[in-house]
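As a plain string of letters, each chain reads:
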Amino acid sequence: MNTDNYPRVLFPEGFDERSAFECSMKGWLSAQVESESGERYSIYFSDPVRLQQDLDDQVRRGVPCFAEPGLIVLPEVTIEAAQNAVQFLWREGFFKHLRAYGGDKSETTDGVFVPTFIASIEQPGVELTASD
Amino acid sequence: MERTPSLLTCDYFIVKLPDTSNVQALFRGEIDLIPRLGVDVLIDPNTGLLRTDRGISLFSDPAKVERFGGAYRVEFIPEGLKTEQRGRDTSHYELMPAAPMTYEQYVELLAQVVLDLDKGE
């Protein structure tokens, strides 16, 4: 598995074949993008159906919108689609407009635990590195 | 008079099984009910608590999860959790916190979920 191509998508630790299947069913995935220099960007993938459901949820609660840092909408949330989108958006300069942070693998924000992100999944057979 | 143990005289306990009549037929692909941060659940950074719009996946169609080790029917869901359909696939549901709670509280409630291990499809 080649994980040396940058930018690369980092998936939550423990992400495996079942996770890949389930995130497609769920329609969302929280991930990070890592540049060759080690900078990381938080991103969030959603498909249109889940996006609408999440928006409806928020509105029912009196929240006027649904937003996630680094939101990227895909027709379907799959590993391949996520990686292709990141490659495309990188070339388009999308990430220049996002705030990057260092490459600590266990990021903590104000005492709130957030997942560790990794470059590979725990079962063979699923290629994680985006194709050029 | 010496008491002789027998089936007629021995003490016994009645085990009351949870009422599952109001539980929709939902299936889990494996016995593991450990939520994964960033995959199953997200934490509200303002409160440090789990959001109530995310949860582990369940399916109304057992065929969807058989390849992950079997399809185990959910027999009991404790108070504090809720199931809602989410995603493009109408057979996909999520078992979510009913109210904001810590990750550890969610794990504790998931530990009370009863799966029918004998009815793996």
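Because the structure is predicted, anything quoted here is derived from the model rather than measured.

Caption draft 1: Geometry of the overall build of chain A. Check the secondary structure of chain A and you find three helices and seven strands. Of the regular secondary structure in chain A, the N- to C-terminal order runs β-α-β-β-α-β-α-β-β-β. Among the 132 residues that make up chain A, the fraction classed as buried is 33%. Taking as baseline every contact in chain A between residues at least 6 positions apart, the subset at least 24 positions apart corresponds to 71%.

Caption draft 2: Spatial organisation of the pairing of strand β3 (residues 72-76) of chain B. Sheet topology note: the strand β1 (residues 27-28) of chain B/β3(B) ladder contains two bridges and is antiparallel. For F27(B), the partnering residue across the bridge sits in β3(B) and is R73(B).

Caption draft 3: Highlighting helix α2 (residues 48-60) of chain A. Residues and elements named next belong to chain A. The end-to-end C-alpha distance of α2 is 18 Å, a good match for the 18 Å that 13 residues give at a rise of 1.5 Å each. Every buried residue of α2 is accounted for by R50, Q53 and D54. Looking straight down α2, one finds that the buried residues subtend no more than 95° of arc, so they occupy a single side. Structural note: α2 exposes D56 and V59 on the side pointing more than 90 degrees away from its buried face. Tucked into the core, α2 has its buried residues touching α1 (17-26), β2 (28-34) and β3 (40-46). Backbone geometry just after α2 places G62 at a positive phi near 90°.

Caption draft 4: Looking closely at the environment of S42(A). All names here are of chain A. Structurally, the position occupied by S42 is in strand β3. The exposure class assigned to S42 is partly exposed, which follows from the 18 C-beta atoms found within 10 Å. Sequence spacing of S42 and V59 is 17 residues, and the spatial spacing of their C-alpha atoms is 24 Å. Not counting residues up to four positions away in its chain, the partners in contact with S42 are Q32, P69 and G70.

Caption draft 5: Fine view of the confidence of the model for chain A. Residue and element names in this part refer to chain A. Mean pLDDT over chain A works out to 82, with 75% of the residues at or above the 70 mark. Per-residue pLDDT, averaged within each element of chain A, yields its smallest value for strand β5 (residues 108-109) (42) and its largest for strand β4 (residues 71-73) (97). Overall, residues 105-113 carries pLDDT values under 50, and its contacts beyond four positions in sequence, including any with other chains, amount to 13 contacts. Below pLDDT 50 for its whole length, residues 123-132 participates in 28 contacts with residues either more than four positions away or in separate chains.

Caption draft 6: Molecular detail of the confidence of the model for chain B. Mean pLDDT over chain B: 83, with 78% of residues reaching 70 or higher. For this predicted complex, the interface score ipTM comes out at 0.77, while the overall pTM is 0.79.

The rules behind these values
- Residues numbered from 1 in each chain as written.
- Chains lettered and ligands numbered in written order.
- Predicted model: local features only at pLDDT ≥ 70, side-chain atom pairs only at ≥ 80, totals over all residues.
- Helix = DSSP H or I, 4+ residues; strand = E, 2+ residues; numbered from the N terminus.
- Buried ≥ 20, exposed ≤ 12 C-beta atoms within 10 Å, placed from the backbone.
- Contact = placed C-beta atoms within 7 Å.
- Pairing = 2+ DSSP bridges.
- Expected span 1.5 Å × (residues − 1).
- Arc of directions from axis to C-beta.
- pLDDT = per-residue confidence, 0-100.

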